[in-house]
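Understanding the architecture of this molecule
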Amino acid sequence: MTDAPASPTDSTRTDPGTAGSPRDAVVLGGNRLPFARSGGAYAGVSEQDMLTAALDGLVARFGLQGAQLGEVAGGAVLKLAGDLNLTRECVLGTPLDARTPAVDMSKACATGLETVMHVSNRIRLGQIDVGVACGVDSASDAPIEVSVRLRRLLHRLSRARTPMQRAKTLAALRPGDLAPLPPRNAEPRTGMSMGEHQAITTSQWGITREAQDELALASHRNLAAAYQAGLLDDLVTGYRGLGRDENLRPDSSMEKLAKLKPVFGTSNPAVAEPTMTAGNSTPLSDGASSVLVSSREWAAEHGHTPLARIVDTRAAAVDYVHGDEGLLMAPAYAVPALLDAHGLGLDDLDLIEIHEAFASTVLTTLAAWESEEFGRERLGRDGAYGTVDRSRLNIAGSSLAAGHPFAATGGRIIATLAKLLHARAREKGAVQRGLVSVCAAGGQGTVVLLESDGE
Amino acid sequence: MTDAYTRFTRSPLGRPLVKRTGLPNPPRLPRHADRPQPVLGPVVVLGASPGADEVAALLLDWGADVRRRFEETSTVGSVVVVLDDLAKPADLGTTVLPLAGAMRSLLPGSRVVTISRPPTGEDLARDAVRGGVEGFVRTLGHEMRKGGTANGIQVADGVPLTAPGVVSTLRFLLSARSAFVDGQIVGVARQDGALPEDWERPLAGRTALVTGAARGIGAAISRTLAGLGAELVLLDVPASGSELSGVANELRATPLQLDVTSAQAGDRVIAFLRERGIVLDVLVLNAGITRDKMFANMTADRWDAVIAVNISSQIALAEALLSSDEPVVGSDLRVVSLASTSGIAGNRGQANYATSKAGVMAFVDALARRLGERGTANAVAPGFIETDMTAKIPPLQREIARRANSLQQGGLPLDVAETIGFLASPGAGGVRGQTVRVCGQNLVGR
């Protein structure tokens, strides 16, 4: 068990999942598309099509044709400007009652988790009885913008009243203005990509190449085994001829992974020995996911078995710009805060899902919790926060094998974990707890606690 | 969904040309939506046996305009020839010859249905005439015009002509639901089955599992069974998941993504049904693939894949469901499996496919024996059906395949689905181990 609470407010709170909340929000199940590699099976497919397909599959699985839901919360990270009402447009394209409201949300890689929390909070407060949390991203169809100068000129052109004004505006156009701006995978405040940031963190924590490759290999093997065991039969709906995640390599091996060249931190003086390769870093992906969340009463009325209760959430952010914390380290802070609030420690968790943006993200997070120094100086504790039992970590594989279409990842993990917890709780006849931790661009992190009684 | 040539024959330019040159002139085939009444009247019932009187009374019950002779009517919609009392070849002419003079009075989309008994090996003369009916029916099938069809029902000795199997087969063959079934003899072996309260929804209250349901004939089967009142579980491979959920959403059915060739397929289907408390009354084994290649160029992967999906998976799933201790199958099961005319006559370049489909026909026969009181098993053998699969056949070959039947056109997935709907109905309880061709009387094969 842990010692010092992460913040004064947390220690005074009652458990909002029990005493403070009027009712539970429970996960009934989910549906996602197989995740595709960027430029792969879903190249040329719009995010609207993908998210609609993910919702269609959920509607089919749960017989929601014609149902009016309380709300559908969704979002995309790489979203086209024209898709401002993306989720609502998708709802209109499904067999759901067209009077189902929708909201678009965005918090980089944590978007999916945030939509789950949004819907579950509404249910807990009694504002709605049932809702869907969802997310989609297509790195293949990322928005491309025009230059600032061209945009301003085009706006001026549309305001021009006379042919003379128009001619003048057009005359100001230079060939260079016409070049489109490709999307940049870089933090606006540092100009460095996520991988470059993580390469520094990896180096600082001394995470070895071998440890990263081992984690990547385990991810592929675990996900392949999960498919083999039928775990994903009612979590994934095939799309565009793809029946399972395109990135999954069941036949991967340490030898194959060892042959890959490092891709991040190769020219950074802060990184002594680059270790992050295409094999232990998650590639850009396309995909969509959805989760059905309801009150216990709604589930009972409609004959659905609750898989897990959504207990609580915490978010944290780190100062990676002025401070000296790694860009993807926020969950290392958010998890202790969340568990403290419920009087729990890492050992009380039966399953732990740490999103594998990079293998080293998971490993640096685990290393930080095991570090006396980090525990004392950063978390304000007497010593190290704790050790994660690796046999409970990402047991059905995670993003390294499945891929990571940003906003779709939260829904993938929540639905998978809820199903795993429910099966284990049934098997063991005891309540099972699970944690989801997702890091996000901008130095952010969101973590969620789930619990299943298996009934 | 008519093909380009058929559209041409109906165009102002094509119509006279086709008439003058004697080119194939494919007739329009009315389907159930075009002609919802059970019998195209007036219907003439031929035959002097007590069975003929029973059939006439039955047709009157359905509200049909029933006659016992051709003399009073200038047009004829349907003819039921009751031949259950034949003793020797010379007997046949008395009953059927009046029809000869009426062939030209048959309306477009007309129906001729014979009802006779099968040879038993007990009496030379009686077997000869009973067998002779088959040649008569098949010839009429070839000679019918304007979309008319001729089919027969062979009722086992001891089974009355009012048995549910006979009644529901007669109703199906007379209706527009059998538009592309021609020159077929359907056997009724037993008295089992129960007639529906509502002939439009004979599957109301029954649950069907359809494999390969995401598209083509499988999707058509699903739509037809849903229209007949069935609750549905729709199965297809994960890669077709979105198409599957599309059909499921349309029909308010339950989707089940599964590769039927996987080793655990049977267990997973059973677990799925048990979890949802579903008990199956109908099992449609439709999932199938082609990997065409001349046998001289045949490879193991092409051969094995076709055998695995088209026949081995059907055996495995049926075995699993029937031997399960879980109550996942009802007490009066209907299994309908997809065969093919390729499995009857063989087809160049389809050694693997034809083998698997011939296997299906033998499989349903064996399964029907094993089911006994627990239900029935039958197969449907489509001929040339207009689907994405046949659209890939090279144009000339496709055009020949399309015209090589009595109706001079390809059938629709709907036609296959309607026949499955009939075999899946509670009424078809006496129809066992049969393979009904839906081929417009394809020129090859039995």
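Residues numbered from 1 in each chain as written. Chains lettered and ligands numbered in written order. Predicted model: local features only at pLDDT ≥ 70, side-chain atom pairs only at ≥ 80, totals over all residues. Heavy atoms only, no water.

Considering the pairing of strand β4 (residues 106–116) of chain B
Taken residue by residue, a regular strand's side chains alternate between the two faces of the sheet. All names here are of chain B. Among the 11 residues in β4, 9 count as buried, and that is most of the element. Across 7 bridges, strand β3 (residues 76–83) lies against β4 in parallel orientation. Following the sheet pairing, Val-81 is matched in β4 by Thr-114. Handedness of the β3-helix α4 (residues 91–102)-β4 crossover: right-handed. Relative to strand β5 (residues 149–155), β4 is paired through 6 bridges, and the arrangement is parallel. What sits directly across from Thr-114, in β5, is Gly-152. Tracing the backbone out of β4, into helix α5 (residues 124–143) and back to the parallel element β5 gives a crossover that is right-handed. (Buried < 20%, exposed > 50% of the residue type's maximum accessible area, 1.4 Å probe, protein only. Helix = DSSP H or I, 4+ residues; strand = E, 2+ residues; numbered from the N terminus. Pairing = 2+ DSSP bridges. Right-handed = clockwise from strand over helix to strand, strands pointing away.)

Quick look at the UniProt feature "domain: Thiolase C-terminal" (unreviewed entry) in chain A
Here, the residues flagged by UniProt with the feature "domain: Thiolase C-terminal" (unreviewed entry) are residues 305–451 of chain A. Along residues 305–451 of chain A the backbone is 37% helical and 21% strand, and the end-to-end C-alpha distance reaches 14 Å. (UniProt positions renumbered as here; feature names shortened; annotations may be inferred.)

Concerning the sheet that holds strand β11 (residues 329–338) of chain B
Residue and element names in this part refer to chain B. In spatial order, the strands read β9-β8-β7-β10-β11-β12-β13; together these 7 strands make up an open sheet with parallel pairing. The open sheet has two edge strands with one neighbour each: β9 (254–257) and β13 (435–438). Averaged over all neighbouring strand pairs, the angle between strand axes comes to 20 degrees, with direction disregarded. Sheet analysis places strand β7 (residues 207–211) next to strand β10 (residues 280–285), joined by 3 bridges and oriented parallel. The residue bridging Val-210 from the neighbouring strand is Val-284, located in β10. Sitting on the sheet, helix α8 (residues 241–251) touches β8 (231–236) and β9, and the angle it makes with β8 is about 175 degrees. (Axes fitted to C-alpha atoms, helices over the stretch in contact; angles between N-to-C directions. Contact = heavy atoms within 4.5 Å.)

Here we look at the interface of chain B and chain A
With 14 residues of chain B at the interface, the matching set in chain A holds 21 residues. A buried area of about 1300 Å², summed over both sides, lies between chain B and chain A, and 38% of it is on carbon and sulfur atoms. On the surface where chain B and chain A come into contact, there are 1 salt bridge. Ionic pairing is found between Arg-268 of chain B and Asp-233 of chain A, a salt bridge with its closest N-O pair at 3.0 Å. Put simply, chain B and chain A have 10 residue pairs in polar contact (both at pLDDT 80 or more) between them. Put simply, the parts of the chain that give the side of chain B that touches chain A at least two residues each are α8 and β9 of chain B. Broken down by element, the residue count for the side of chain B that touches chain A peaks at 5 residues, all from α8 of chain B. Broken down by class, the residue content of the side of chain B that touches chain A amounts to 6 nonpolar, 6 polar and 2 charged. (Buried area = accessible area lost by both parts, 1.4 Å probe. Salt bridge = Lys/Arg side-chain N within 4 Å of Asp/Glu carboxyl O. Polar contact = N/O pair within 3.5 Å; in protein donor to acceptor, adjacent residues only side chain to side chain. Nonpolar A, V, L, I, M, F, W, Y, C, P; charged D, E, K, R; others polar.)

Some thoughts on the packing of aromatic side chains
Counted under the stated rule, the structure contains 9 aromatic pairs over all chains. Ring centres of Tyr-42 of chain A and Tyr-239 of chain A lie 5.0 Å apart, and the angle between their planes is 70 degrees; this geometry places the pair in the edge-to-face category. Taken together, the residues Tyr-42 of chain A in the loop between β2 (36–37) and α2 (47–62) and Tyr-239 of chain A in the loop between α8 (209–228) and α9 (254–258) connect sequence positions 197 residues apart. The exposure classification of Tyr-42 of chain A matches that of Tyr-239 of chain A, with both residues buried. Both rings, one in Phe-172 of chain B and one in Phe-422 of chain B, keep their centres 4.6 Å apart while their planes meet at 5 degrees; by these two values the pair is stacked. (Phe/Tyr/Trp six-rings, centres within 6.5 Å; stacked < 30°, edge-to-face > 60°.)

Notes on the pattern of salt bridges
Residue and element names in this part refer to chain B. Taken as a whole and judged by the stated rule, the model has 49 salt bridges over all chains. Residue Asp-415 pairs with Arg-31 through a salt bridge whose shortest N-O separation is 2.6 Å. One end of the pair, Asp-415, is in helix α14 (residues 413–424); the other, Arg-31, is in the loop between α2 (14–21) and β1 (43–46), and 384 residues separate them in sequence. The same class applies to Asp-415 and to Arg-31, which are both buried. A salt bridge links Arg-177 to Glu-418, with the shortest nitrogen-to-oxygen separation between them at 2.9 Å. Taken together, the positions of Arg-177 in the loop between α6 (164–174) and β6 (185–188) and Glu-418 in helix α14 put the pair 241 residues apart, joining distant regions of the chain. Both residues of the pair, Arg-177 and Glu-418, count as buried.

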